[in-house]
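Residue-level structural notes
Spelled out from the first residue to the last, the chains are:
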Amino acid sequence: MDKNFQEEEFIKFTPPLYKQRYQFIKDLVGKYKPKKVADLGCADCTLLWMLKFCSCIEVLAGLDICASVMREKMHRLSPLPVDYLQPSERSLTVTLHHGSVAHKDPCMLGFDLVTCMELIEHLEESELQKFPEVVFGFMAPSIVVISTPNSEFNRLLPGVTLFRHPDHKFEWNRMQFQNWALKTAGHYGYSVEFTGVGHPPTGMENVGFCTQIGVFVRKYPRISEFSQSEKPTEAVYKTVFKAVYPSLKDEKYLQNAVVSEVIFTSQMIKQNLLDCLMSEHEEYDDDPTERKPKFQPSMNCFSEDLGKLVVGKSTEPFVNGNVVYIPLTTIFSFPKVNQLCGTLEKLRKLIAGKVMLSSDGSAVMFNTEHENE
C-alpha cells in the first residue's frame, strides 16, 4: 500500500523495496497464469498498471478505501491509441472499486489471485478481525498473497521509533505474522508458505526480510456456491473506474483487423502481379505472338514473402481487362490472415461489404484502369 517507506532514506534497496514487491507478484502471475486478479488496497494502481501487461490476465480489479488516491492515477489503466490500432487477442477489463476490505461485495467473487500488499497493517482491529472471512471465506480465490512489514527489521532503520508509517495500526514480527497466517489458513482450507523481499545487510540475516510475505494456496476447489442467505444481494462498493480494452474476441475489432490485413495483403499481391505483367510485356514487346493472353503467375513473379506461398492452379491471381482478381484462397494462405479468421468462410463473412468481391464471392477485385496515371 505504501510505496516510499522511510527505510529507503537510510538503507538502499536495489531495486527499491516497492518494486521488489511488485516483481514478486509478477513472478507469481507468470508461474500460475491467473485470468482474474484483484488487488486489495490498490492505492495509486501501480501494481494493476504493471499487471495489465501480463497476457494471461483478462480481468483486473482494484479496491481501496481512499477513492481520491485511485482517481489521481487511474487514467494509466485506460486503453492507449495503439490498443485500438492493434487490438490484442485477449480480452481485458479493468475496474476500480471504492470500499473497505471489511465488507463483502459480490463483485469480488470468482478471482484466481488476490493480492494484499502492505495492507493489513493499516486496518483497525475490528477490520482485521473481519478481513479473513471476507478474503478467505467469502472471496475464496485460489491464491492470496499478503505482505506486511517485518518489525524485527525496524531496528536497522534509523529514525523508526515505533512504526514505519504514521497510519500503521500495528507491525508484526515474523512469529506474530506466521501465527496469524497459519491459523487463518487452517480455518479456511489453505496452505501457506512464507518468504519476503528486502534482504538484510550482511551479518544481520537473523532479522529476516524487510517485507515479509505469505502465499496462501487453497487446498480444495469450492464444492458449492454460496447459499442465498450467505451471498450479499446488494453491492456495497462504489465503482469509480472501468475500462474495457479492445480485443479481437470482439467481432467489431476482429472485422477491422481482418479487413485491414486483407487490403494490405491484396495490395501486395496485386503489385507483384502487375510488376510481373509489365516485365513480360517488355520481354515480348518485339514479338506480340509470344504474349500470353492471360497472366499465369509463377513463383519467381513474387517477392520473397509471397514466394513462401504454395500457389496452386485454383489460387492464381489474374488480370481480366482492367480488373485484378485475387482469390480468397490465396489471401487466406497468408499466416496472419489465417490466424485471424481460422476458416475461409469466416474470412468471406468478415470482409463482405467492406472489400470489393467478385460476384461469386471467391476473389477480391481491384480496378487498375487508373493504376499508372
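Residues numbered from 1 in each chain as written. Predicted model: local features only at pLDDT ≥ 70, side-chain atom pairs only at ≥ 80, totals over all residues. Heavy atoms only, no water.

Within an unreviewed UniProt entry, the label attached to the protein reads Small RNA 2'-O-methyltransferase, and the organism entered is Halcyon senegalensis. A UniProt comment under Cofactor (unreviewed entry) is attached to the protein, and it reads "Mg(2+)". UniProt annotates the protein under Sequence similarities (unreviewed entry) with the comment "Belongs to the methyltransferase superfamily. HEN1 family." (UniProt positions renumbered as here; feature names shortened; annotations may be inferred.)

Turning to the overall build of the protein, a few remarks are in order. Scanning the protein from N- to C-terminus turns up ten helices and eleven strands. Per-residue burial over the protein gives 48% buried out of 373 residues. By sequence separation, contacts in the protein at least 24 residues apart represent 72% of the contacts at least 6 residues apart. Roughly 19,600 Å² of accessible area belongs to the protein as shown, and the carbon and sulfur atoms make up 52% of that amount. (Helix = DSSP H or I, 4+ residues; strand = E, 2+ residues; numbered from the N terminus. Buried < 20%, exposed > 50% of the residue type's maximum accessible area, 1.4 Å probe, protein only. Contact = heavy atoms within 4.5 Å. Areas by Shrake-Rupley, 256 points an atom, 1.4 Å probe, with all protein chains shown as cover.)

Looking now at the pairing of strand E5 (residues 143–149). Here E5 lies mainly inside the structure; seven of its seven residues are buried. The alternating pattern of E5 places Ile143, Val145, Ser147 and Pro149 and Val144, Ile146 and Thr148 on opposite faces, both of which are buried. In this sheet, E5 lies alongside strand E4 (residues 113–117) in parallel orientation, the contact comprising five bridges. Pairing of Thr115 across the sheet is with Val145, part of E5. In the classification by handedness, the crossover that spans E4, the intervening helix H5 (residues 125–139) and the parallel E5 is right-handed. As paired elements, E5 and strand E7 (residues 211–218) share seven bridges and run antiparallel to each other. By the bridge assignment for E7, Ile143 is matched with Val217. (Pairing = 2+ DSSP bridges. Right-handed = clockwise from strand over helix to strand, strands pointing away.)

Taking 1.5 Å of rise per residue, the 16 residues of helix H1 (residues 17–32) would be expected to cover 22 Å, and the 23 Å separating its terminal C-alpha atoms lies within 8% of that figure. Listed as buried for H1 are Leu17, Tyr18, Gln20, Arg21, Tyr22, Phe24, Ile25, Leu28 and Val29. The inward-facing, buried residues of H1 abut helix H2 (46–51), E4, E5, strand E6 (190–197) and E7. Count one or two residues on from H1 and you reach Lys33, which has phi positive near 50 degrees. (Expected span 1.5 Å × (residues − 1).)

Now for the nonpolar core. Counting residues in each nonpolar core, the largest one holds 43 residues, and the members touching the most others are Leu51, Ile57, Leu96 and Val145. Of all elements in the fold, only H1, H2, strand E3 (93–98), E4, E5, E7 and strand E8 (238–244) reach the threshold of two or more residues within this core. By residue number, the principal contributor to this core is H1, which donates seven residues. Residues Leu109, Phe131, Met139 and Ala185 belong to the second largest nonpolar core, which totals 32 residues. (Core = buried A, V, L, I, M, F, W, Y, C linked by side-chain atoms within 4.5 Å.)

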